[in-house]
Amino acid sequence: MQQDALDKKVLAVFAGKTVRKDLLHQIKGGENVPSYVLEYLLGKYCASDSEDEIRIGIDAVKETLAANYFRHDEANKAQATVERKGRHRFIDRVEVRFLAGENKYWASMDHFGYSKIHIVEEFYRRYERLLEGGVWGIVDIEFRVDEEGKKGSPFHIVEFRPIQLARFDMDEYVEGRRALTKEEWIDLILRSLGLEPMQMSRRLKLLLLTRLIPFVEKNYNFIELGPRGTGKSYVFSEMSPYSMLLSGGKASSANLFYNNARRQVGLVGYWDVVAFDEVGGVRITDPDVLQIMKDYMANGRFSRGITPVQADASLAFIGNLNQPVETLVQNSATDLFQPLPKEFDLALLDRMHFYLPGWEVPKNSKDILTVHYGFVTDYMAEAFRMLRKQNRFDEAERVFRFGSHVEGRDATAIKKTVSGLLKIIHPDGEWSKEDLAEYVELAMEGRRRVKEQLKKRGSFEFYKTTFSYIDIDTDAEQTVVVPEQGGGGVISTDPLNPGTVYTASVDAEAKVALFRLEVTVTAGTGKLRVPGGLDRSLKESLNRAFSYLQNVKEKLGLEKELAHKDIYAEAVDLTGGKVECPCGVAFFTAMISAIRNRRIQAGTVILGDLTIQGNIKGPSSITEPLQLALESGALRVLVPVANKAQFAGLPEDVIERMDLVFYSDVDRAVLKTLEI
């Protein structure tokens, strides 16, 4: 491997704290060993630039693992090896606990299968983390038969050297950051994840860094859904000894939060991050789990019985999308939360702080894996754990204030995301306004993605999704969009063929739909041709519009023309839902447009239904259809004057960004719609 400029700089600044990440990939494929254990061995045997020496070192690592690393199912073999040889060296995680009833400290090892191993006081006094969840290390165990026979434990830890970092210097880490540029630092962090950033876009780099926010931000609720094979779970299983990855299965309140029988806090009390892999397969069997999870995700507290509990573990939900993103977004019956368990209701989903669009992350391949130096995993994990203690929650509001659509939970989510990115990229606390603007935009996008799905599911309760931020100094406002949102551009801002117009509707459950109506005329005998499969409400609206046309054709001077033409009408559902759409005015306008061969003004949407006598009936609510029209790219909307009383309750962006035209009769609607 040829060192690049960043490698040389990193090796000089962080001597002894980095490792070649491609070597890890070479061994990791065949060994189920934590990355930080492998990196320790690589540092011991492969500390060379010579490819020949490195190959010899990799063989030594593999031999060491074969001799000293035992799997869970080899515990009996491990004990027998110690008994037969009298002493043997292991690579394992050691935990020490104090049993008050025996007034004695006992050690246990993950893969040794024995819970009472003697350990001398020197080790757990020197390495306190042995008492705080355990430490991976190099362990020598001797077999000694008790003087009284075989009553006591025969296993004794006689040597212990921790593999995990025993000491971390935060000042050294911060000074190292100052020695690198912002771009170099981002690339170093990504290389530490095993990824090569040189061919990545700026956006992709930042998206990948958001996977690390749960490690530096307390009580952060993160979700990533996307295609298989993009490395979603790797960060949570391999990049920190303080993270627990749960794969599918049952989720119980006793396991996750609090066991009343044992009076013991669950996983959220022991880990910095609890991640749910394949979250779509999680089975919620305990009805208390969801309520406790909602409480915990909201404020880091919950109650079990009379016991109040507080913890700061972040939660990460990762899973696979089984349908194209475009389909999920454009179909009103689906959304980007589709794979989640049905028990995940709106209240729980509203507590998500950031939705990483996993479909933008490339699949793992040899091309995106780095061959350069990155931080030793354990070193970076300790840095993130120290950064977790910092509070940078309000830094976003030192420069910007949030727009009117950013409500309480939105603001919390955005500020926590910005805080996390500042900790990861600027641990020295030095950043510019441009840096902060970039992070605020990404944070708003990730939270808006959550809220857009809530709006789709939540009967418009969550309609405020036009997130923006305002520069305190200049008062300039910037709106943040969600790239995959299918609404923008659905309505063409170019003139369409005569007979084509858009309409929208809302049903009793506040579900909305957008349609494109297409009317054509051909030689015939004055008949209306209705296509098969047209929705009942659309068919009734079409028939009423045609009946009204027959009533007024003489007045409009169309009697002779209509006698020799047939009218064909079609409706295209642009949102994919099954929402009724009374839209007689739009159908009538489209008929006049087609008959007179005059186009409808570009970007126009027409609301309202029509009776056969020509009376106008407005929709029950205009708020929802207007918001949908705005997001779909509409420039102007014709609204029945009967709905004018609802004008005062419209969102500000609807009023400011669209031309709303009120009409009192169908003739005025046609006059204000057709091009002059």
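If you're wondering where the values come from, they're calculated on a predicted model, not measured in any experiment. (Residues numbered from 1 in each chain as written. Predicted model: local features only at pLDDT ≥ 70, side-chain atom pairs only at ≥ 80, totals over all residues. Heavy atoms only, no water.)

Some remarks on the overall build of the chain
Here's step 1: Broken down by element type, the chain carries 24 helices and 30 strands.
Here's step 2: Its C-alpha atoms give the chain principal-axis dimensions of roughly 115 × 55 × 45 Å.
Here's step 3: Across the 676 residues of the chain, 56% fall into the buried class.
Here's step 4: Taking all contacts inside the chain whose residues are at least 6 apart in sequence as the whole, residues at least 24 apart take part in 73%. (Helix = DSSP H or I, 4+ residues; strand = E, 2+ residues; numbered from the N terminus. Buried < 20%, exposed > 50% of the residue type's maximum accessible area, 1.4 Å probe, protein only. Contact = heavy atoms within 4.5 Å.)

What about the sheet that holds strand E29 (residues 636–640)?
Here's step 1: What the seven strands build is an open sheet, ordered E24-E25-E23-E22-E26-E29-E30; its pairing is mixed. In this open sheet, the two strands that pair with only one neighbour each are strand E24 (528–529) and strand E30 (659–663).
Here's step 2: Here strand E23 (residues 512–523) runs beside strand E25 (residues 565–573); their pairing, made up of nine bridges, is antiparallel. Paired with Arg516 across the bridge in E25 is Val572. (Pairing = 2+ DSSP bridges.)

Quick look at the pattern of salt bridges
Here's step 1: Evaluation of the coordinates by the stated rule reveals 61 salt bridges.
Here's step 2: The salt bridge partner of Lys423 is Glu217, with a shortest N-O separation of 3.1 Å. You can see Lys423 sitting in helix H17 (residues 408–425) and its partner Glu217 sitting in the loop between helix H10 (213–216) and strand E7 (221–226), a full 206 residues away along the chain. There is no split in this pair, since Lys423 and Glu217 are both buried.
Here's step 3: Salt-bridge contacts for Glu452 lead to Arg448; the nearest nitrogen and oxygen are separated by 2.8 Å. Here the residue Glu452 and the residue Arg448 both occupy positions in helix H18 (residues 433–457), the gap between them amounting to four residues, near one helical turn.
Here's step 4: Under the relative-accessibility criterion, Arg448 is labelled buried at 8%.
Here's step 5: In this structure, a network of salt bridges that share partners links the residues Asp350, Glu407, Arg409, Asp410, Arg447 and Lys451. (Salt bridge = Lys/Arg side-chain N within 4 Å of Asp/Glu carboxyl O.)

Details of the environment of Gly269
Here's step 1: Relative to the assigned elements, Gly269 resides in the loop between strand E11 (264–265) and strand E12 (273–277).
Here's step 2: On the basis of relative accessible area, Gly269 is assigned to the partly exposed category, the value being 43%.
Here's step 3: As for Gly269 and Asp312, which are separated by 43 residues in sequence, their C-alpha atoms are 7.3 Å apart.

What to know about the packing of helix H3 (residues 35–45) against helix H4 (residues 51–68)
Here's step 1: In contact at an axis separation of 9 Å, H3 and H4 are set at 135° when each is read in the N-to-C sense. By the angle between their directions, the pair H3 and H4 is classed as oblique. Crossing handedness for the pair H3 and H4: right-handed. Here Leu38, Leu41, Leu42 and Tyr45 of H3 come into contact with H4, specifically with Glu53, Gly57, Ala60, Val61, Thr64 and Leu65.
Here's step 2: Here the contact of H3 with H4 is composed, by residue class, of seven nonpolar, two polar and one charged. (Axes fitted to C-alpha atoms, helices over the stretch in contact; angles between N-to-C directions. Parallel < 35°, antiparallel > 145°, perpendicular 65-115°, else oblique. Left-handed = near helix turned anticlockwise from the far one by under 90°. Nonpolar A, V, L, I, M, F, W, Y, C, P; charged D, E, K, R; others polar.)

Quick notes on the pairing of E23
Here's step 1: Of the strand pairs in this sheet, strand E22 (residues 500–506) and E23 are connected by seven bridges, and their pairing is antiparallel. In the strand pairing of E23, Thr500 is matched with Glu518.

Some words on the pairing of strand E3 (residues 104–109)
Here's step 1: Bridge count for strand E2 (residues 87–99) against E3 is six bridges, and the pairing is antiparallel. Paired with Leu99 across the two strands is Lys104, which belongs to E3.
Here's step 2: Count of turn residues in the E2/E3 antiparallel hairpin: four residues, of which Asn103 carries a positive phi of about 55°.

Notes on the packing of helix H19 (residues 536–552) against helix H21 (residues 584–596)
Here's step 1: One way to put it is that H19 packs onto H21 with a least axis distance of 8 Å and a crossing angle of 55°. On the basis of their axis angle, the class for H19 and H21 is oblique. Judged by the twist between their axes, the crossing of H19 over H21 is right-handed. When H19 is examined against H21, the residues Leu538, Ser541, Leu542, Ala545, Phe546, Tyr548, Leu549 and Val552 are found in contact with a partner set consisting of Gly584, Phe587, Phe588, Met591, Ile592 and Ile595.

As for unusual backbone geometry
Here's step 1: Non-glycine residue Asn219 carries a positive phi angle of around 50°.
Here's step 2: Mapping Asn219 onto the fold places it in the loop between H10 and E7.
Here's step 3: Here Asn219 falls in the buried class, since its relative accessible area comes to 19%.
Here's step 4: At Asp475, a position not held by glycine, the phi torsion is positive, near 65°.
Here's step 5: Residue placement: Asp475 occurs in the loop between strand E20 (468–471) and strand E21 (477–479).

Considerations on the sheet that holds strand E16 (residues 314–320)
Here's step 1: Spatially, E8-E12-E16-E7-E17 is the arrangement adopted by the five strands of the open sheet, whose pairing is parallel. What marks the edges here is a single partner per strand, and that holds for strand E8 (243–247) and strand E17 (354–357). Between one strand and the next, the sheet's axes are offset by a mean angle of 15°, whatever the strand orientation.
Here's step 2: Bridge count between E7 and E17: four bridges; the pairing is parallel. Across the sheet, the residue bridging to Phe222 is Phe354, located in E17.

So, empty space enclosed by the protein
Here's step 1: One pass over the structure, following the stated rule, counts three cavities of 30 Å³ or more.
Here's step 2: Considering only enclosed or pocket space, the largest cavity measures out at about 60 Å³ in volume.
Here's step 3: Along the walls of the largest cavity sit Asp494, Leu496, Thr500, Val501, Tyr502, Ile600, Gln601, Ala602, Gly603 and Thr604, which together make up its complete lining.
Here's step 4: If you tally residues by element for the lining of the largest cavity, the top one is E22, at three residues.
Here's step 5: Within this model, the second largest cavity holds a volume of roughly 50 Å³.
Here's step 6: If you go around the second largest cavity, the residues you meet are Phe215, Met239, Ser240, Tyr242, Asp272, Ala381, Phe384 and Arg385.
Here's step 7: The leading source of residues in the lining of the second largest cavity is helix H16 (residues 377–387), at three residues.
Here's step 8: Class assignment for the residues of the lining of the second largest cavity results in five nonpolar, one polar and two charged. (1 Å grid on protein atoms, 1.4 Å probe; cavity = no way out; pocket = protein on both sides within 12 Å on 5 of 7 lines; lining within 4 Å. Points joined across faces, edges and corners; volume = space filled by probe spheres on them.)

A word on the layout of surface pockets
Here's step 1: Reported here for the largest pocket is a volume of approximately 1600 Å³.
Here's step 2: Every residue lining the largest pocket is counted, 50 residues in all, and those nearest its centre are Tyr36, Arg93, Gly133, Pro241 and Trp271.
Here's step 3: When the residues that make up the lining of the largest pocket are grouped by side-chain class, the tally is 22 nonpolar, 14 polar and 14 charged.

Take it as geometry only, folks, not as evidence of what the structure does.
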